[in-house]
Amino acid sequence: MKWIDVLNYKELSEEAAKIIKERINNSPNLTIGLATGSTPIGLYEELIKAYKHGELSFSGVTSYNLDEYIGIDINSPQSYYQFMFQNLFNHVDIQKEKVHIPNGNTTDLQVECAQYEKLIKNSGGIDIQVLGIGNNGHIAFNEPGTSFDAKTHVVKLDDSTIAANARFFNNKDEVPVQAITMGIGTIMKSKEILLLISGKGKQEAIEKLKSGVVTEDFPASILHKHPNVTVIITNN
Ligand code: GLP
């Protein structure tokens, strides 16, 4: 696990964008795994800037998002679908048919999970996966206690995750209680992982991750077992 300490959020976003830009420019048909949450927003802004300056193109890129709430309309501003289009896809030349986000509004969620997993596999797997981390160590929506072998599946969100994500809704009761998420097994198959950690609220998670103890009680700890992980971190 390679750690890059940076001074602030702007540097974190620039450093992450530099890596993603390089990977896309080296492999224009790259398959990228994308994350939501506040942390990657600056990265997406940097990528949009680079695209507008003619420094990269997403035209050959295929994307897979980590997760999506269940039972939230995709047109709702809080859906991860809207998040991705507003913060990245609407501003770059990615082909809409190459964008994949789990569908949390389907009647058969099990089929959706199995199909999502299969789609990733049939694309040849994810070349680089962007990750954030939850206060409780969750990655994507894999909450503490999730099996390290899990594939794309339906999860019940932890109370702490619902409380943390309530800031995007009018109140806590509006936050969906379930989501579809890539499993830890799915994430671990990515060839490369870029974990972004920013914010004072993440101190406990940072300490647990740095301790190197690998346990299902702290999902992000599995990343110690992956051969190609870069963590970009700022305490500010
Ligand atoms: C959500 C997402 C995660 C993300 C986490 C942290 O729960 N499902 O993928 O890493 O939030 O978000 P933030 O970056 O806002 O702290």
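Just above, that's the structure.
A brief structural summary. (Residues numbered from 1 in each chain as written. Predicted model: local features only at pLDDT ≥ 70, side-chain atom pairs only at ≥ 80, totals over all residues. Heavy atoms only, no water.)

Some words on the sheet that holds strand β1 (residues 2–5)
Now for step 1: The 7 strands are arranged β1-β10-β9-β6-β2-β3-β5 in an open sheet whose pairing can be described as parallel. Only two strands of the sheet have a single partner each, and these edge strands are β1 and β5 (99–100).
Now for step 2: Here strand β6 (residues 128–131) runs beside strand β9 (residues 192–198); their pairing, made up of 4 bridges, is parallel. Bridge pairing in β9 links I128 to E192. (Pairing = 2+ DSSP bridges. Helix = DSSP H or I, 4+ residues; strand = E, 2+ residues; numbered from the N terminus.)

Let's talk about the pattern of salt bridges
Side chains that carry opposite charge are capable of pairing whenever their charged atoms lie near each other.
Now for step 1: For the structure shown, the criterion picks out 9 salt bridges.
Now for step 2: E14 serves as the salt-bridge partner of K10, at 2.5 Å between the closest nitrogen and oxygen. Taken together, the residues K10 and E14, both in helix α1 (residues 9–26) and 4 residues apart, mark about one turn of the helix.
Now for step 3: A residue is classified by how much of its surface remains accessible, and E14, at 31% relative accessible area, is partly exposed.
Now for step 4: Of the charged contacts, one joins K189 and E117 as a salt bridge, the two residues approaching to 4.0 Å between their closest N and O atoms. Separated by 72 residues along the polypeptide, K189 in the loop between α6 (184–188) and β9 and E117 in helix α4 (residues 109–122) bring together distant segments of the chain.
Now for step 5: Assessed through its relative accessible area of 56%, K189 is described here as exposed.
Now for step 6: A relative accessible area of 14% places E117 in the buried class. (Salt bridge = Lys/Arg side-chain N within 4 Å of Asp/Glu carboxyl O. Buried < 20%, exposed > 50% of the residue type's maximum accessible area, 1.4 Å probe, protein only.)

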